[in-house]
Amino acid sequence: MKKYTKSVITLLTAMALAIGLMSILAWRLEQTAQEEIVAQFSQRQLLLAEQTATSVQHIFDEAQRDLTQLREASCLLAFMKALDSGNEEQIIAQRKTLEQAYLNIVNTHPIYAQIRYIDQDGQEIVAIDSDGQVTRIIPPAELRSQAKRDFFVETMKLDDGEIYVSPLEQALGHGQVGVGLPTVRLATPIFDEQGHRRGIVVINLFTDRLIDSIAQMSDQEGVDAWVLDKHGVEMINVTYPERGGNNAYEYCQQTGDENLIYLAEDMLAGGSGTGTCFWPEEGGSLVKRVFAYAPVHFDEQLWSVGISVPYSDVVTAHARTRSTLFLMLGGIVCTILAGGVLLLRLERRRILAEGIEQRNRELTALNALAEKRNTQLALVNEVGRLATSILDPDEMMQP
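Student: Is there a simple way to explain the overall build of the protein chain in this structure?
Tutor: Within the protein chain, the secondary structure is distributed over 10 helices and 12 strands. The buried share among the 399 residues of the protein chain stands at 40%. Intrachain contacts of the protein chain at a sequence separation of at least 6 include 57% that bridge at least 24 residues. When the accessible surface of the protein chain is split by element, carbon and sulfur atoms take 57% of a total near 22,600 Å².

Student: Honestly, the side chain of Gln57 in this entry has me stumped. Any pointers?
Tutor: Structurally, Gln57 can be placed in helix H1 (residues 2-72). Here Gln57 falls in the buried class, since its relative accessible area comes to 17%. Setting aside anything within four residues of it in sequence, one finds Gln57 in contact with Val296, His297 and Phe298.

Student: Sorry if this is basic, but what is going on with the packing of aromatic side chains here?
Tutor: Under the defined criterion, the tally for this structure stands at 5 aromatic pairs. Ring-pair connections join several aromatic residues into one group, and the members of that group are Trp226, Tyr251, Trp279 and Phe291. Positioned above the aromatic ring of Tyr311 is the side chain of Lys288, whose terminal nitrogen or guanidinium carbon lies 4.2 Å from the ring centre.

Student: Explanation requested: the pattern of salt bridges in the structure shown.
Tutor: Once their charged atoms are close, side chains differing in charge can pair, the charge on each being opposite to the other. Under the counting rule described, the total for this entry stands at 8 salt bridges. Residues Lys157 and Glu154 are paired through a salt bridge, measuring 3.5 Å at the closest nitrogen-oxygen approach. Judged by relative accessible area, Lys157 falls into the exposed class, the value being 57%. Glu154 gets classed as partly exposed once you look at its relative accessible area, which sits at 34%. Here Asp192 ties to Arg198 by a salt bridge, and the two come within 3.4 Å at their closest N and O atoms. Judged by its relative accessible area of 13%, Asp192 is buried. A single network of salt bridges, built from pairs that share partners, joins Arg71, Glu72 and Asp160.

Student: Which parts of the structure should I look at to understand empty space enclosed by the protein?
Tutor: Empty pockets left among the atoms are what a rolling probe the size of a water molecule brings to light. By the definition in use, this model includes 3 cavities of 30 Å³ or more. Volume-wise, the largest cavity comes out at about 160 Å³. Together, 16 residues line the largest cavity, and Trp226, Leu228, Ala248, Trp279 and Phe291 are the ones closest to its centre. A per-element tally of the lining of the largest cavity places helix H7 (residues 258-268) first, with 4 residues. Split by residue class, the lining of the largest cavity holds 11 nonpolar, 2 polar and 3 charged.

Student: Would you explain the packing of helix H6 (residues 248-255) against H7 in this entry?
Tutor: How two helices sit against one another is set out by the angle between their axes and by the gap between those axes. One can describe the packing of H6 onto H7 by two numbers: an axis separation of 8 Å at closest approach and a directional angle of 155 degrees. Classed by the angle they form, the pair H6 and H7 counts as roughly antiparallel. Between H6 and H7 lies a crossing whose hand is left-handed. From H6, Tyr249, Tyr251, Cys252, Gln253 and Thr255 reach across to H7, where they touch Leu260, Ile261, Ala264, Glu265 and Leu268.

Student: Teacher, can you tell me more about a nonpolar patch on the surface here?
Tutor: A grouping of Leu363, Leu366 and Leu369 is seen on the molecular surface, where their side chains present a nonpolar patch of about 270 Å² in accessible area. Here Leu363 shows up in helix H9 (residues 319-391). Overall, Leu363 belongs to the partly exposed group, its relative accessible area being 47%.

Student: What exactly am I supposed to notice about the side chain of Ser42 here?
Tutor: Position of Ser42 relative to the elements: it lies in helix H1. For Ser42, a relative accessible area of 7% translates into the label buried. If we skip the residues at most four places from it in the chain, Ser42 touches Thr274, Val290 and Ala292.

Cut-offs and rules
- Residues numbered from 1 in each chain as written.
- Predicted model: local features only at pLDDT ≥ 70, side-chain atom pairs only at ≥ 80, totals over all residues.
- Heavy atoms only, no water.
- Helix = DSSP H or I, 4+ residues; strand = E, 2+ residues; numbered from the N terminus.
- Buried < 20%, exposed > 50% of the residue type's maximum accessible area, 1.4 Å probe, protein only.
- Contact = heavy atoms within 4.5 Å.
- Areas by Shrake-Rupley, 256 points an atom, 1.4 Å probe, with all protein chains shown as cover.
- Phe/Tyr/Trp six-rings, centres within 6.5 Å; stacked < 30°, edge-to-face > 60°.
- Lys NZ or Arg CZ within 6 Å of the ring centre and 35° of its normal.
- Salt bridge = Lys/Arg side-chain N within 4 Å of Asp/Glu carboxyl O.
- 1 Å grid on protein atoms, 1.4 Å probe; cavity = no way out; pocket = protein on both sides within 12 Å on 5 of 7 lines; lining within 4 Å.
- Points joined across faces, edges and corners; volume = space filled by probe spheres on them.
- Nonpolar A, V, L, I, M, F, W, Y, C, P; charged D, E, K, R; others polar.
- Axes fitted to C-alpha atoms, helices over the stretch in contact; angles between N-to-C directions.
- Parallel < 35°, antiparallel > 145°, perpendicular 65-115°, else oblique.
- Left-handed = near helix turned anticlockwise from the far one by under 90°.
- Patch = residues over 30% accessible without salt bridge, like charges linked within 9 Å, V, L, I, M, F, W, Y side chains within 5 Å.

Structure below.
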């Protein structure tokens with residue numbers, strides 16, 4: 001029985017070790033699979049962010065090329081010469097030529113909401129407005145002074161060839177065309193042949209196309225897509241429009257989360273990459289999210305296009321694999337237990353068989369000993385009988 005107890009203890013220890021090792025292996029495989037899924041998902045999100053950033057970059061690159069051409073256009077130079085001459089007929093003729101040139105550009109570029117020439121005093125001289133449906137030349141009576149507007153003041157400080165890019169703002173428009181539409185302004189200073197500063201040329205962009213490009217990244221529930229400027233201000237947030245204008249970088253600094261601060265600083269430095277960190281949701285609760293971001297460069301300006309997804313949504317895709325893994329582990333454990341029970345039964349039978357065999361051998365030995373003793377007793381009896389016959393011959397004669 002001691003043998004059996006020892007065998008049981010040994011077998012149970014081996015089974016426990018096997019199950020423990022299988023559990024550790026399953027946990028490690030589950031962790032590795034989850035990390036791999038998150039890594040692969042992050043790379044796909046990064047590719048999506050980079051493609052969106054490239055699309056936005058193309059829009060700004062095209063606008064900057066057009067702005068450069070407008071600044072150097074011969075019709076603009078001719079119009080400024082006409083203004084200098086004071087000849088009304090030349091001014092009217094050159095104005096119409098410039099207006100028609102601007103009108104053609106707006107009509108062939110649906111993303112342009114406005115093109116204007118503003119003189120060095122901040123007065124609009126030529127303006128074309130569009131709301132995407134109606135395009136019109138603004139008559140002189142409706143032209144306004146922009147002398148105190150930030151875009152004019154900042155652009156007038158620039159050197160020849162430099163470009164100003166405004167934050168996302170609402171367009172004022174003229175009359176009912178383009179009023180209130182979100183826009184981004186690109187402006188560059190104008191100089192005449194003598195190098196004198198003569199004002200600026202401004203292109204207003206419809207941001208619908210920008211927002212549509214970014215919105216494509218957030219077509220799934222729980223996906224957040226945004227654009228930060230170089231100061232960390234959210235210019236566009238498709239999922240939470242009310243966050244527009246908030247300084248996300250300042251919030252990151254306030255949290256003290258080193259990982260979050262690193263990601264934000266990398267965005268503002270023009271980096272691209274992925275990461276995971278906690279971000280506040282509605283109600284103030286913190287949710288772990290997977291981030292991907294890519295830069296948009298134009299002149300000295302920088303935007304960062306980003307996307308984030310709840311970490312739980314990413315690993316949900318791993319749930320089916322994890323269930324399968326646990327089922328496999330359960331099957332293996334059951335197999336080990338069944339095998340252990342079978343081995344215990346076989347071991348018990350073996351020990352019982354050995355006991356029976358041992359007892360049979362002992363009985364055989366006892367029978368042999370008994371037989372030997374019986375033989376010895378018979379011999380003793382025979383010797384006794386012979387001795388009696390010698391001592392008493394008459395008894396020997398008795399039948």
